[in-house]
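Now for the letters of each chain:
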Amino acid sequence: MKQFLVLLAVLPLLLLFLLQFSLEQQNSSRLSLLQTHVAAAKEIARQEGCFTQANIDRLKTQIATDFDLDVDDILVNVTTSPRYRVNLFDERELIDYQIIVPIRQIMAGNHFLGISDEENQSTILIQGSVASERLLP
């Protein structure tokens with residue numbers, strides 16, 4: 001009987017490890033998809049000389065679908081004015097991008113561990129610059 005009671009006490013803790021592992025795998029997969037979507041969007045922006053509204057909307061829609069978020073929750077700060085390639089490197093030809101995506105759940109079983117939903121959130125920030133490939137008109 002004593003062993004059964006110990007099993008009942010320890011079993012939920014062991015299940016948390018399994019749930020946390022699967023949540024980590026899910027978050028890792030989402031992060032990989034996010035990086036893929038951002039890389040594709042930045043390559044399109046490189047060819048067009050800036051991030052167009054269609055490119056931004058497509059990026060937000062893809063991220064919102066993968067992360068089960070609302071499109072308005074995703075912050076995208078990018079260069080929207082055209083940048084042109086020149087023969088020598090120049091800072092003015094860089095297209096800047098900054099994408100901020102919230103993660104709603106970091107720990108599995110947060111209520112069981114006494115962690116509130118507000119403390120169980122974070123954001124992913126992806127930022128950088130890419131040189132424009134658009135030629136001067």
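(A) Just the overall build of the protein chain, in detail. What the protein chain contains, in helices and strands, is 2 helices and 3 strands. If you list the helices and strands of the protein chain from N to C, you get α-α-β-β-β. Whereas a compact globule of 137 residues would reach a radius of gyration of roughly 14 Å, the protein chain reaches 21 Å, over 25% beyond that. Taken along the three principal axes of its C-alpha coordinates, the protein chain extends 85 × 25 × 20 Å. Here the protein chain, with 137 residues, has 28% of them falling under the buried criterion. For the protein chain, the share of sequence-separated contacts (at least 6 apart) that also reach a separation of at least 24 residues comes to 66%. For the protein chain, the computed accessible surface area is about 9000 Å², with 58% contributed by carbon and sulfur atoms. Charged side chains of the protein chain number 11 positive and 17 negative; the gap between the two group centres comes to 5 Å.

(B) Focus on the nonpolar core. One finds Leu-34, Phe-51, Ile-63, Phe-67, Ile-74, Ile-99 and Val-101 to be the most contacted residues of the largest nonpolar core, which totals 22 residues. Elements with a minimum of two residues in this core: helix 1 (2-48), helix 2 (53-67), strand 1 (75-78), strand 2 (94-103) and strand 3 (122-131). Ignoring any residue separated from it by four or fewer positions in sequence, one finds Leu-34 in contact with Ile-63, Phe-67, Val-101, Ile-124 and Ile-126.

(C) Focus on the environment of Phe-112. Residue position: Phe-112 is located in the loop between strand 2 and strand 3. Between the C-alpha atoms of Phe-112 and Thr-79, which are 33 residues apart in sequence, the distance is 44 Å. Setting aside chain neighbours within four positions, we find Phe-112 in contact with Pro-12, Leu-13 and Leu-16.

(D) Spotlight on the pattern of salt bridges. Enumeration according to the criterion identifies 3 salt bridges in this entry. Of the charged contacts in the structure, one is a salt bridge between Arg-104 and Asp-73, with a shortest N-O distance of 2.9 Å. Here Arg-104, found in the loop between strand 2 and strand 3, pairs with Asp-73, found in the loop between helix 2 and strand 1; they are 31 residues apart in sequence, far enough to count as distant.

Thresholds applied
Residues numbered from 1 in each chain as written. Predicted model: local features only at pLDDT ≥ 70, side-chain atom pairs only at ≥ 80, totals over all residues. Heavy atoms only, no water. Helix = DSSP H or I, 4+ residues; strand = E, 2+ residues; numbered from the N terminus. Rg over C-alpha atoms; globule rule 2.2 N^0.38 Å. Buried < 20%, exposed > 50% of the residue type's maximum accessible area, 1.4 Å probe, protein only. Contact = heavy atoms within 4.5 Å. Areas by Shrake-Rupley, 256 points an atom, 1.4 Å probe, with all protein chains shown as cover. Lys, Arg positive; Asp, Glu negative; His and termini not counted. Charge placed at Lys NZ, Arg CZ, Asp CG, Glu CD. Core = buried A, V, L, I, M, F, W, Y, C linked by side-chain atoms within 4.5 Å. Salt bridge = Lys/Arg side-chain N within 4 Å of Asp/Glu carboxyl O.

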